[in-house]
Amino acid sequence: MSPRFLPTRKRLMTGLGVVFRPQLPPERLRAVARLADDVGLEELWLWEDCFREGGISTAAAALAWTERVRVGVGLLPVPLRNVALTAMEAASLDRMFPGRAALAVGHGVQDWMGQVGARAASPLTLLGEHLDALRALLRGERLTVRGRYVSLDDVALDWPPQGAVPVFAGATGPRTLRLSGAGADGTVLTAATSPDGVRQARQLIEEGQKEAGRGEHHRVVVYLLAATGPNADARLRAELVAEGLEAATDVGVAGGADAVAAAVRRLAEAGADTVVLQPTGDEPDPEGFVRFAAEEVRPLLP
């Protein structure tokens, strides 16, 4: 059985992954996923960006096409999903591919949520209710809930997971980071997060854990915007500008394996358990980027 995405004690080994950007058409996923499996990449992460690719459908396909790589979806916007459906899909993936799937849930981009008529008046309340119900359902509990957003009447999964399934939350702001510490098993941080930002996030997560009486290790996954190969510096700068991060310090990296590995180590030393390399949206060779991560960057990491 493959190792689970379980929150464990802090490991000395830094996990490494790559994002399959949804700027790529879905039909490109098969080649990228199979290559990730072949070259020994540890984790492949997918995004459910509106209005591109569905997170669960792409995760299921990637898992079916591969044998060992772990597949994460970071993240599923909770305004789009009934929590019972999230639980059904998470449990199904885990039973079919034990320990190889990880799902993160989050607020979603509020403008996108507004476009589809799903924007919540209190995103924090919605995420908290979703996390509590989702984790309970995945533990095999039967729930009746009457929350502001989550309403369940005698609901339980017929096919619950056979083992523990950790639930991740995507978080940026202080209140959401504290909520993630209190209500999730791990946190996914965006590529706008510097090493200092990881330290601050860890502190806020730990505050949430303490308030909730939780003491287990909380896994932190952080994306790192990375560019390599031809015009790497220019592509990185353009992406940072497009994301409004041109003034950010110690965010993103351009260069060869030594430079990327050094940036990964800085994030790991700040408290990241796994660093997921996020190629630029115009990455000219997605397969080559996966090979670069697994064969050139990974050997330089602890």
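The following paragraphs examine the structure supplied in this document.

## Considering the layout of surface pockets
To find leftover empty space, one rolls a probe the size of a water molecule over the atoms.
So, step 1. Looking at the largest pocket, its volume works out to about 860 Å³.
So, step 2. Contributing to the lining of the largest pocket are 32 residues, with Asp49, Leu75, Val109, Thr172 and Thr190 lying nearest its centre.
So, step 3. Looking at the lining of the largest pocket, the elements that each hand over two or more residues are strand E3 (70–77), helix H4 (110–115) and strand E9 (219–227).
So, step 4. Considering each element in turn, the lining of the largest pocket owes the most residues, three residues, to E3.
So, step 5. Partitioned by chemical class, the residues of the lining of the largest pocket number 14 nonpolar, twelve polar and six charged.

## A word on the environment of Gly252
So, step 1. Positionally, Gly252 belongs in the loop between helix H8 (232–242) and strand E10 (253–254).
So, step 2. Overall, Gly252 belongs to the partly exposed group, its relative accessible area being 22%.
So, step 3. For the pair formed by Gly252 and Leu240, sequence separation is twelve residues and the distance between their alpha carbons is 8.0 Å.
So, step 4. With residues near it in sequence (within four places) discarded, Gly252 still touches Leu224, Leu225 and Leu236.

## Regarding empty space enclosed by the protein
So, step 1. Scanning the model with the defined rule gives three cavities of 30 Å³ or more in all.
So, step 2. Considered as a void within the structure, the largest cavity measures approximately 110 Å³ in volume.
So, step 3. Looking at the largest cavity, it is lined by 14 residues, and the ones nearest its centre are Val19, Arg21, Leu24, Pro279 and Pro286.
So, step 4. Of all the secondary structure elements, the ones that give two or more residues to the lining of the largest cavity are strand E1 (15–20) and helix H10 (286–297).
So, step 5. Looking at the second largest cavity, it is lined by 14 residues, and the ones nearest its centre are Ala90, Ala102, Leu103, Val165 and Pro166.
So, step 6. Counting only elements with at least two residues in the lining of the second largest cavity, the list comes to helix H3 (83–96), strand E4 (101–106) and helix H5 (123–138).
So, step 7. If one sorts the elements of the lining of the second largest cavity by residue count, E4 sits on top with five residues.
So, step 8. Looking at side-chain class alone, the lining of the second largest cavity contains twelve nonpolar, one polar and one charged residues.

## Here we look at the nonpolar core
So, step 1. Ranked by size, the top nonpolar core spans 79 residues in total, and within it Leu138 and Leu277 carry the most contacts.
So, step 2. Tallying contributions element by element places H5 first for this core, with eight residues.
So, step 3. Counting residues in hydrophobic clusters, the runner-up holds 18 residues, among them Ala191, Leu236, Leu245 and Val251.

## Some remarks on H8
So, step 1. Residues Ala232, Arg235, Leu236, Glu239 and Leu240 constitute the buried set of H8. For H8, the arc enclosing every buried residue in end-on projection is 135°, short of the 170-degree limit, so these residues lie on one face. Facing away from the buried side of H8 by over 90 degrees, the exposed positions are Arg237, Val241 and Ala242.
So, step 2. Against E9, E10 and strand E11 (274–279) lie the buried residues of H8.
So, step 3. Looking one or two residues past H8, Gly244 carries a phi angle of roughly 70°, positive in sign.

## Some words on the packing of aromatic side chains
So, step 1. Taken as a whole and assessed by the stated rule, the structure comprises four aromatic pairs.
So, step 2. Ring geometry for Trp45 and Phe168: centres 6.4 Å apart, planes at 85°, overall edge-to-face. A residue pair is termed long-range when its members are at least 10 positions apart, and Trp45 in strand E2 (residues 43–46) and Phe168 in strand E7 (residues 167–170) qualify at 123 residues.
So, step 3. The exposure class assigned to Trp45 is buried, which follows from its relative accessible area of 0%.
So, step 4. For the ring pair Phe289 and Phe292, a centre distance of 6.2 Å and an interplane angle of 45° mean the geometry is tilted. Placement of the pair is Phe289 and Phe292 together in helix H10, with a separation of three residues, close to one helical turn. Like Phe289, the residue Phe292 is buried in the burial classification.
So, step 5. Following the ring pairs from residue to residue traces out a cluster consisting of Trp45, Trp47, Phe168 and Tyr223.

## Some words on helix H1 (residues 29–39)
So, step 1. Along H1, the positions that sit buried rather than exposed are Leu29, Val32, Ala33, Leu35, Ala36, Asp37 and Val39.
So, step 2. On the buried face of H1, the contacting elements are E1, E2, helix H2 (55–65) and H10.
So, step 3. Just downstream of H1, Gly40 is the residue with a positive phi angle, here 85°.

## Re a nonpolar patch on the surface
So, step 1. The grouping of Phe51, Leu80 and Val116 at the surface amounts to a nonpolar patch, some 270 Å² of accessible area in total.
So, step 2. Residue placement: Phe51 occurs in the loop between E2 and H2.

## Some details on the environment of Asp49
So, step 1. Counting through the fold element by element, Asp49 comes out in the loop between E2 and H2.
So, step 2. Here the alpha-carbon distance between Asp49 and Asp153, two residues 104 residues apart in the chain, equals 31 Å.
So, step 3. Setting aside anything within four residues of it in sequence, one finds Asp49 in contact with Pro22 and Trp112.

About the criteria used
Residues numbered from 1 in each chain as written. Predicted model: local features only at pLDDT ≥ 70, side-chain atom pairs only at ≥ 80, totals over all residues. Heavy atoms only, no water. 1 Å grid on protein atoms, 1.4 Å probe; cavity = no way out; pocket = protein on both sides within 12 Å on 5 of 7 lines; lining within 4 Å. Points joined across faces, edges and corners; volume = space filled by probe spheres on them. Helix = DSSP H or I, 4+ residues; strand = E, 2+ residues; numbered from the N terminus. Nonpolar A, V, L, I, M, F, W, Y, C, P; charged D, E, K, R; others polar. Buried < 20%, exposed > 50% of the residue type's maximum accessible area, 1.4 Å probe, protein only. Contact = heavy atoms within 4.5 Å. Core = buried A, V, L, I, M, F, W, Y, C linked by side-chain atoms within 4.5 Å. Arc of directions from axis to C-beta. Phe/Tyr/Trp six-rings, centres within 6.5 Å; stacked < 30°, edge-to-face > 60°. Patch = residues over 30% accessible without salt bridge, like charges linked within 9 Å, V, L, I, M, F, W, Y side chains within 5 Å. Areas by Shrake-Rupley, 256 points an atom, 1.4 Å probe, with all protein chains shown as cover. Salt bridge = Lys/Arg side-chain N within 4 Å of Asp/Glu carboxyl O.

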